Every structure is written in C-alpha cells, then in structure tokens.
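Listed here are the chains, written in short residue letters.
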Amino acid sequence: MSPSTSSGKRPQAVAHAPFVQLPHELLFEIISLLSSTTDLLSLALTCSSLYSHVAPYHTEYRVLRVRTLNPTLFAHLARRTDLTRNIREVHISEKHNYTRGDRMPRSLVDLKVDGDSRLNGSGISGIDGERIQALNVCKALRCMTRLESFTWEWNGVYTTEQTHGHYGSARKRVVVRPMSEPRFEDAILAEVARKPTVKEFGVSGPFGMHVNGPSADNKFEYPVWHISNLTSLNLTGDTFLRTGNILPLCIMLSRSPNLECLTIPLEFKHLSILLLPNLKRVNLPLLSGSSTDVDESARVFVENHPGIEELSWYPIGTPRLGRGVLPRLRKLRGNMGIMRALAESDDREEVQLAQPAIVPAVSSQSSQPSTSGLLTVGPRKKNKRLSVIPEAEEAEAEGAEGDDGDEDDDGEATPPASTPLPLPEEDEHELPSPSSSSSAQYAPYSSEASSQLASPMITISAPPSTPTSLQLSSSASSRLLRPLESLNIHCLSASALLSLGPKFMDRSALRELIIPTFGSTDELREVARVFKDVRLVHIPGVYLPPEDQSPHPLSPSVDEIVEILPMFEQLEVVRGNALWRAAKQAVSNGEDGVDVDGNEVKNKVHEVLRVLARVCPGLKEVDHCDWYERRGGFKRVVVQRTLVRQKMVSASDSVSVHMEDGEQDVEEVELVSYSVRKPVAREYFDIFDGAFN
C-alpha cells in the first residue's frame, strides 16, 4: 500500500520534484547509499513514487538476521546479486535462538527457483549438499561490497551418540559444530576477512576447533587472524584460549587500534599485554571457570585502559585496583568483588620503593636482555592461503578459482623473529642513571665484575604506575566519584549499595539501578532518597528480613510500593515482579498457598497502575507477569498517555480556547491506556545482554 496524506491525496509538489524524475538506475544507486532502515522508511513515506523504489528493494536488503544457514534464502541472495550488494549487517545464529529477532527478505524470494532442493543443496544429503549450501553463502558474501557487520553465534547445539563399553552402553552429548567440514567454515570466514569495509565482527561458539598454532609451513591460515581495522570485536570460545593461538590473536588485536568494543574470555591470561587506546566497552565473560590468577591480568588490563565507559566483569575474588581506576565508567555489571574493589581503590596508597634492589640475574652467556616474553610482529606478506570453495569439482582440478585463492591480503600474521630485539640507542652509548624509571637496568661495568660476565647484575626498581593512578598522598581525603549511570551487581543488597556506592560513584548520575535483594522496605526508601534521579529500577518480589523479624521471605505490600516508587522523582521504567506479587498478596489477603484467580490479580494491578500513572507522571513501562520464552524476558506493560479536550466541568480548571463555532471554555484531560508488548530484541554487541533495554 502506498503512503498518502491525511486528506487521501498524493502531494503534487513531491511527485513532480526533479529528484523523483531521475531514471530508475540513478535513483537505485542514490538510495543504495542510505544505510539506516529508518532513513529508508522516512524516504518511502514522502510519496508513492519513492515508496515503489524503496520497498522492498532496499528496506529488506540492509539487515540480515537469520537462524541457521537457510538454503532457500542464501540461494536467493546468491542469485540476486543486485540486491545483495546493499546488505550492511549479517547475523547468523542457532535455530533455537530468537533473542536477536529475524529479519530477512521475503517479498522477492522466488520459491520455484530458489526453493529447488537440487539447486540450494537442501535435497542432497551428506557433504555434497552442505558444500552447495556453503558455496551459496560464499557467493552472497562476495557480493556484499558494503558489508559493515558480520556476527555468527552457535551456542548450545548438541547431539547424542550411543557409546558402548565394558559396563554397558550409554549416551554421550556431543557438540555440533557450525559446519561439519572445517574447510566450509574457513571458506565463509575467508570471504568476510577479504572485506575492507567490515568494522564489526564476532563469533561465539565452537569455531576454529581445528586451529591450534601455525600450520606445517609455519603460517597462520585461519581467516579470523587476518581481520583488521575493527571497531567492535567478539571472540567467545575455547579456540581463543589455546596456547598455540595466543600469538596470532594478540597480533590481530594490535591491528585494530580503533577498537571500541571488545568481548573476550576472562580466562585469556594475556590481557595484561594488550593496549587499545580507544577502548570504551569491555565484556570479560567467564566460560569454564578458573582460579584467582586470572584476576591479576584482568586488573592490569582495566588499569591500562582509563577510557573504559562500560564494563562487564565478574572477578573470581576481590582484585586490588589502584587509585583513580576507571575514571569515565558509566555502566557496570559484575559481582560484589568488583563493587568492593572500586570502593576500596581510593583507600589504597601507591607503593613506592625507597631504593632499587640489586639481585643477580639468571645465568646467561649473553649480555643482552631476553625477549622471550615479548610479542613481535614480523613483516607483512601477501596472503595466498584464504580458503575458497571451488564452483565445481572440475574447476577444483583446473584451478578455475585461482583468482579468489590467490587474492592478495596484507593481513597475514607471522611468528616472531628468532633474533632478539636490539637495545635502544641511548643504551648503546650511555649508561642509564640510577634514578631512571625503567623497570630493568644494567649495572655499571667495573673491573671487579669483569670476571662475572656470565651473571650480570640487574637493577630492579619499582614498576611505573598505571595510567590511571592519581598519585595521591596518603593524607588526601578526596575521592574519585565516577559518573556511573547504570549499575547491575549480582547479589547486591540495598544496604551494601548505600554503604559502598557513595564511596566511588556520583549518586546524582545514577539512572538505571537493579536491586537484587533488600532487607526491609526502609532500605528501599533510603535508596530512593539517596538516588532520587533513577529512571529505571528493578525491585524483586520478595526480600529477606533479619531473622529476628521473620524467618521467611516477605513481599512488599501494594501500599508500600505506591509509597516508594514516587520517591524516584524521574522514574520511567519499573522492572521486577514486586508489583504482581503485592497484587496477588492483596487479593489472597496475605495467605500463602491459596489459589488466586489470575483475572482478579490483573484487575488489582490495573487499579495500582492507575494510581502509579498519577503519582509518577513520567512512568512509561512496567514488567508484565507473563514470561516470553523466545526473547528470554517478561512482557512489557507500556503506559500510553494522550491529552484530549472536552467541555469545562469545573470553572477553576478551565482553559479558554478559540474554536470555529465561537469562544468556548474547555479543559485538557489526560487519558491513560495500556498495551502489552513482547520484549525488544537484544543486540549482539550489547555487553549487558539487554539488562537495561
């Protein structure tokens, strides 16, 4: 249906504009430059002529989010290359994953051609059918000349196998890889690695399980290692924790100096050697578990990046953070370990050694320092090893796909040089002074030490302070109050928030707060008094009072909720099931275990919402009681407010308005209505996993 104006007529001025009179080919190229779907819809709503050019040729070919590699869809994309080249974002997920939301072309898909099981590979079993499907995916990606984002997640996909042993048979759960053959996976990722326009990349799951170090000819052939110049990166999987993949992974990260968002496992123990100057968002998920040793590398990593604004980190213990760490932190998700670490960071004094200690070094025949702990990047070479699936078996033998296989790429990772790095020039001509800030210095040469050249003396001084250290004196009483806007701490109680929060965060900056538990409603009142500018608050349905008051969990009453919520002066969103538990308790007269009619509870909530809409003028959204399984969250009750004018009821509340039929006295009345909606889709690079949506 073409758009129209409120009067039902097409605007003539827009219909005869010179832009609309351009040839179809020029209009198509101009519209192709628009990346945002919102901009495309705005352009389509101007007139029916532009609507016919924009939809569906552009609106359906900007963002592609599919669950599994749909054979029919990718056969269509491989055939309609004129439309495929305008796709900016590709996201592939598991079949059971609905959290991202499906977006794919539907209007122009020809089921007679693209749905042919012999052409799309769905009707051919075994490796041959999967080879055709992978080939269509590679063709489609090759045509996406404006691709900016590619993400592929494959988590929680298992199958069972029957095993037999001496004590009988059993079923074993086996992880299903995204592609049965590693060469198919490498070919798809190789097409992405060749795209210089890609700025966001992510893989989550059992990717690269066949990769562990360099190949037989001492080269790193996995296509992921060749991707560079990224702004957002997500690498989640066991492959990126293997010892043989540490070097290419570090080199890959160094080739993206403008990286702003990074998700990497907490078990990656070489975080301390990374330095990304533009990093703003960091997610350190714990995949399989580890000891407190990983906290040290993560601590150094966090201290070396003072520009971090959003952080998700669940440390194993309580890390010892230095003074002034994370001065720009705006959003935080973690556990009580990171909460205590930030609260205690400004209480800790900087450690300064009075005099350097002289210790003998490890016996060595060389007078140069060892570089075994350094990561070096070798000279860049032309890459000729990115995987490509041939079009046919004959082409594989004749080398018909040689152009793709021999395509040059400057992104190859090479192992470090075997020779050590030379010393800086100043060390070659003059000896460093004892007051130098270097962490390791050579002792001056003397005749007494000439016979001890096998064991040179090394001067060890105090390590330099981290970039975020403020070098405050022990008597300094001022604290760094971070502009924290969103806080989600696991097992955080209201009392702990009141005692630890003011020590490291600006209470007036907090806007989104998740309260997992509290001890009494008085604590909630105090939280609302201290953090009165909060706009989103999560309140659980039960709380744990002290044992001397009640041995069982309690629920806040309706009256207490109506009293506490308006204390948040800027409140807009209420999360949690506290309202529904209170309504159920009110209907059942406080008796537990009594069957309550669900309609009665909803009617009670409706009454409470009418009161909250009046006492909380900014209220927009409240959690519903129904759980939406596909998105993994509760449905939303959206509050809608509209102003209508009606004749005056009370002279004191009237407003004089000039109308066509004369001057009348009317009043504006606010009508409040509600609608239930499903949770919004979660973005792949949202490090908080939709907690603050």
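Scroll up to find the structure.
What you see is a predicted model; the values in this text were computed from it and never measured.

Trainee: What exactly am I supposed to notice about the layout of surface pockets here?
Mentor: To find leftover empty space, one rolls a probe the size of a water molecule over the atoms. If you add up the space inside the largest pocket, you get close to 870 Å³. Around the largest pocket sit 36 residues that line it, and E153, N155, S204, T236 and L287 are the ones nearest its centre. Looking at the lining of the largest pocket, the elements with two or more residues in it are β7 (232-236) and β9 (281-284). Classifying every residue of the lining of the largest pocket gives 14 nonpolar, 13 polar and nine charged.

Trainee: Sorry if this is basic, but what is going on with a nonpolar patch on the surface here?
Mentor: Where nonpolar side chains cluster on the molecular surface, the patch consists of F19, L22, L26 and I30 and spans about 300 Å² of accessible area. Along the chain, L22 falls in the loop between α1 (12-15) and α2 (24-32). Residue L22 is classed as partly exposed on the basis of its relative accessible area of 31%.

Trainee: How should the packing of helix α20 (residues 578-587) against helix α21 (residues 598-615) be read in this particular structure?
Mentor: Angle between the axes and distance between the axes: these two values describe a pair of packed helices. Between α20 and α21, the shortest axis-to-axis distance is 9 Å and the interhelical angle comes to 115 degrees. Crossing of α20 against α21: the hand is right-handed. Together, L579, W580, A583, K584, A586 and V587 of α20 and E600, V601, K602, K604, V605, V608 and L609 of α21 make up the contact between the two elements. Split into classes, the residues belonging to the contact of α20 with α21 amount to nine nonpolar, no polar and four charged.

Trainee: What exactly am I supposed to notice about the pairing of strand β5 (residues 168-175) here?
Mentor: Every other side chain in a regular strand lies on the same face of the sheet, so the side chains alternate between the two faces. In the sheet, strand β4 (residues 158-165) pairs with β5 via eight bridges, with the strands oriented antiparallel. When the sheet's bridge partners are listed, T163 is paired in β5 with A170. Taking the residues between adjacent antiparallel strands as the criterion, β4 and β5 are bridged by two residues.

Cut-off values and rules
- Residues numbered from 1 in each chain as written.
- Predicted model: local features only at pLDDT ≥ 70, side-chain atom pairs only at ≥ 80, totals over all residues.
- Heavy atoms only, no water.
- 1 Å grid on protein atoms, 1.4 Å probe; cavity = no way out; pocket = protein on both sides within 12 Å on 5 of 7 lines; lining within 4 Å.
- Points joined across faces, edges and corners; volume = space filled by probe spheres on them.
- Helix = DSSP H or I, 4+ residues; strand = E, 2+ residues; numbered from the N terminus.
- Nonpolar A, V, L, I, M, F, W, Y, C, P; charged D, E, K, R; others polar.
- Patch = residues over 30% accessible without salt bridge, like charges linked within 9 Å, V, L, I, M, F, W, Y side chains within 5 Å.
- Areas by Shrake-Rupley, 256 points an atom, 1.4 Å probe, with all protein chains shown as cover.
- Salt bridge = Lys/Arg side-chain N within 4 Å of Asp/Glu carboxyl O.
- Buried < 20%, exposed > 50% of the residue type's maximum accessible area, 1.4 Å probe, protein only.
- Axes fitted to C-alpha atoms, helices over the stretch in contact; angles between N-to-C directions.
- Left-handed = near helix turned anticlockwise from the far one by under 90°.
- Contact = heavy atoms within 4.5 Å.
- Pairing = 2+ DSSP bridges.

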